[in-house]
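Chain by chain, the residues run as shown.
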Amino acid sequence: MTRTEGYDPATHYDRVTAGWGLLLGDELHYGVFESPDEELATATGRLTSLMIEAAGFETGQRVLDVGCGSGGPARRLATEYGVEVVGITTSPVGVETARKRADEAGVEGVSFEVRDGTDNGLPDASFDRVWVLESSHLMPDRAGLVNECARVLRPGGRMVLCDIVRRREIPFLELKERREDFAVLRAAHGSARMDPLESYVELCEQAGLTVELARDLTQETLPTFAHWRTNVELHRAQVDELMGVSEVDAFTRSLDILEAFWQDGTLGYGILGAAKRD
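Note that the structure is a prediction, hence the values are computed from the model and not measured. (Residues numbered from 1 in each chain as written. Predicted model: local features only at pLDDT ≥ 70, side-chain atom pairs only at ≥ 80, totals over all residues. Heavy atoms only, no water.)

A. Looking closely at helix H2 (residues 40-55). For H2, which comprises 16 residues, the first-to-last C-alpha distance of 23 Å matches the rise-based estimate of 22 Å (1.5 Å per residue) to within 8%. H2 sits mainly inside the fold: twelve of its 16 residues count as buried. Restricting attention to buried positions, one finds in H2 the residues Leu40, Ala43, Thr44, Gly45, Arg46, Leu47, Thr48, Leu50, Met51, Ile52, Ala54 and Ala55. Just past H2, the residue Gly56 takes up positive phi, approximately 65 degrees. (Helix = DSSP H or I, 4+ residues; strand = E, 2+ residues; numbered from the N terminus. Expected span 1.5 Å × (residues − 1). Buried < 20%, exposed > 50% of the residue type's maximum accessible area, 1.4 Å probe, protein only.)

Structure (structure tokens):
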């Protein structure tokens, strides 16, 4: 998927945030499944746990959550690990939602701001950990993102990132033949670019980070699509009202397309952890 001229990720997520909470679950991301029939919330929680393990949190640390969504992981980190979390997103609706949910849950130690992950304006060496969960594919300036993550990390700090990745080159003729499929994906999930996990490794090394973990999670995340289909069926009337019928139709069609890409080795999912050199 390539960037569409004039596309604004914030506008897209402002439009879909409420509906996606019903379709994707509270954490708004893929799940890592031990078995296909496992509960979606259990699987999304496991993905968060894998990132937590890679991050190695300690009480009192300061964490930057880049692309914080509705704040689910930020609330969990602050509550369970005693860290201070600053969540950033380009979506004002996302920030409003995250703040409201944190207030309703009585969670302290979290704050949410409208900022760009590729140019966040935060001070150098001001965080112990940087957390990037399924937001990098929406940032065309991938090097800018990694460089900013490295810049705000203190020496010895860690960045952990999970996202959709490209697992093979897509020939031009295939892109042309499947242009309608890619149009559906853009309509449902926003304009995005998927890069190989190896490219993230290279960018980290160039930014002064030492990669400690790079793991493919494609097979473990594959059952996610079936669970999202079930959520469409369960909440169809409500999400039609929140997002519009055409938006929900595009989301539903996108699940078949993405599932096929997972199965044929085109796209998949990966996790990466890296530490800033002293």
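Continuing now.
B. Layout of the packing of aromatic side chains. Taken as a whole and judged by the stated rule, the model has eleven aromatic pairs. Geometrically, the ring pair formed by Phe57 and Tyr81 is tilted, given 6.0 Å between the ring centres and 45 degrees between the ring planes. Of this pair, Phe57 sits in the loop between H2 and strand E1 (62-66) while Tyr81 sits in helix H3 (residues 72-81), and the two are 24 residues apart along the sequence. Put simply, the rings of Trp20, Tyr30, Phe225, Trp228, Phe251, Trp262 and Tyr269 touch in pairs and so form one group of aromatic residues. (Phe/Tyr/Trp six-rings, centres within 6.5 Å; stacked < 30°, edge-to-face > 60°.)

C. Fine view of the side chain of Glu174. With respect to the secondary-structure elements, Glu174 resides in helix H6 (residues 172-177). Owing to a relative accessible area of 18%, Glu174 belongs among the buried residues under this scheme. Among the polar contacts made by the side chain of Glu174, one reaches the side chain of Arg168 at a distance of 2.7 Å. Sequence-distant contacts of Glu174, defined by excluding residues within four places in its chain, comprise Arg168 and Phe261. (Polar contact = N/O pair within 3.5 Å; in protein donor to acceptor, adjacent residues only side chain to side chain. Contact = heavy atoms within 4.5 Å.)

D. Spatial organisation of the pattern of salt bridges. Evaluated as defined, the whole model comprises 21 salt bridges. Among the salt bridges present, the one from Glu113 reaches Arg115, with a minimum N-O distance of 2.5 Å. One salt bridge in this structure joins Asp195 and Arg142, with 3.0 Å as the shortest N-O distance. Of this pair, Asp195 sits in the loop between helix H7 (179-189) and helix H8 (197-206) while Arg142 sits in helix H5 (residues 142-152), and the two are 53 residues apart along the sequence. On the basis of relative accessibility, which here comes to 3%, the residue Arg142 falls in the buried class. Because the salt bridges share partners, they merge into one network encompassing Glu34, Glu38 and Arg46. (Salt bridge = Lys/Arg side-chain N within 4 Å of Asp/Glu carboxyl O.)

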